[in-house]
Amino acid sequence: EAIASQAGLERAMAQGRILEAPAALCDSDMNLYVDLGNVRGYMPREEVAYCRAGEEVKQIAVITRVGKPVCFKITGTVRGAEKPTFLLSRRAAQLECYEKKVSALRAGDILDAKITHIEPFGCFCDIGSGLIALLPVDCISVSRISHPKERFKAGDIIKCAVKSNDRQTGRITLTHKELLGTWEENAAHFCAGETAAGIIRSIEPYGIFVELAPNLAGLAEWCEGAVVGHCAAVYIKSILPEKMKVKLVIVDSSLPCPVQASSPVYYIDSGHMDFWRYSPDNCEKEIVTVFE
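Residues numbered from 1 in each chain as written. Predicted model: local features only at pLDDT ≥ 70, side-chain atom pairs only at ≥ 80, totals over all residues. Heavy atoms only, no water.

Student: Where do I start with the state of the cysteines in this structure?
Tutor: Linking two cysteines covalently through their sulfur atoms gives a disulfide. All told, the structure shown has 0 disulfides when counted by the stated rule. Unpaired in this structure, Cys26 has its nearest cysteine sulfur neighbour in Cys51, at a distance of 15 Å. Free of any disulfide, Cys71 has its nearest neighbouring cysteine sulfur in Cys97, separated by 7.7 Å. (Disulfide = S-S within 2.5 Å.)

Student: What should I look at first to understand the pairing of strand 15 (residues 245-255) in this one?
Tutor: Working note: regular strand, side chains alternate between the two faces of the sheet. Summarising the sheet, strand 13 (residues 216-220) and strand 15 pair through 2 bridges and their orientation is parallel. Residue pairing across strands places Leu219 opposite Lys247, the latter belonging to strand 15. What sits between the antiparallel neighbours strand 14 (residues 231-240) and strand 15 is a turn of 4 residues, in which Met244 has the positive phi angle 55 degrees. (Pairing = 2+ DSSP bridges. Helix = DSSP H or I, 4+ residues; strand = E, 2+ residues; numbered from the N terminus.)

Student: Looking at this structure, I do not really get the sheet that holds strand 11 (residues 195-204). What am I missing?
Tutor: Note on sheets: strands pair through backbone hydrogen bonds, and any given pair is parallel or antiparallel. Strand order in the closed barrel made by the 5 strands is 11-12-13-15-14, with mixed pairing throughout. Sheet twist, expressed as the mean angle between neighbouring strand axes with direction ignored, is 50 degrees. Here 5 bridges tie strand 11 to strand 14, and the two strands are oriented antiparallel to one another. Opposite Thr195, over in strand 14, you have Tyr235 as the bridge partner. (Axes fitted to C-alpha atoms, helices over the stretch in contact; angles between N-to-C directions.)

Student: What exactly am I supposed to notice about the pattern of salt bridges here?
Tutor: Charged atoms that come close allow side chains of opposite charge to pair. In the structure shown here, the tally under the stated rule is 14 salt bridges. With a closest N to O distance of 3.8 Å, Arg17 and Glu1 form a salt bridge. Here Glu1 lies in the segment before helix 1 (6-15) and Arg17 lies in the loop between helix 1 and strand 1 (19-26), a separation of 16 residues in the sequence. The class for Glu1 is exposed, based on a relative accessible area of 63%. (Salt bridge = Lys/Arg side-chain N within 4 Å of Asp/Glu carboxyl O. Buried < 20%, exposed > 50% of the residue type's maximum accessible area, 1.4 Å probe, protein only.)

Here it is, written out as structure tokens:
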């Protein structure tokens, strides 16, 4: 409604609203032009991103916005332009988001995050108005994966918990595995004697680890022809809560395609956590997360 007309944009400017529209062009001076329909949106380089004192907006931070939605506040109009032109600031939107939301985040808070891009070491996530936090690969699930793309793709919106919020550097680290259920909650979906599908995650001299769910893996007896990343049908021999083990036998490891990734199933999806225990109470091994 706000960007449908010039009058709507003027109301949004008066109200100080945060809007979003696609960046259409970056000129040679690293200024952005935003598609606002019949009017033009102009965002100077220094307004493209919120930076700490003494820092300059990097060229790559501007160029990579082209073709993607950007959030902004309208701070004024440009006089003398050939067509109606609004002055935009992504920096102002980010600053408001940081002051009202992100600065108050503490370890254990649960929030929505949008994956912007993926690297071997983790996912970069937008947690509001383009402010970025890192979800490390080892925090994605209890079941180990070799690359985040085995779980997610750019554009996915997921739930995360804040692992740390360094207010000195502004760096925020996220974690995901604590929302995917405990060992017992995951194991409750399976019974000894059943045959289930899983993904082969690693092959060791003593056996093969097969992922039954993102937070549950079992150990299968060694099987010739098994390939990491492939789907396998496994027979569940036994489930041992006191040892936190699921013993498996691979029935068929010749399936070339992995199980298709689906939206995560969250056992916790809002609020705050101070403590999370993955391992069963009577288990010899304790796996916990303390948020502090």
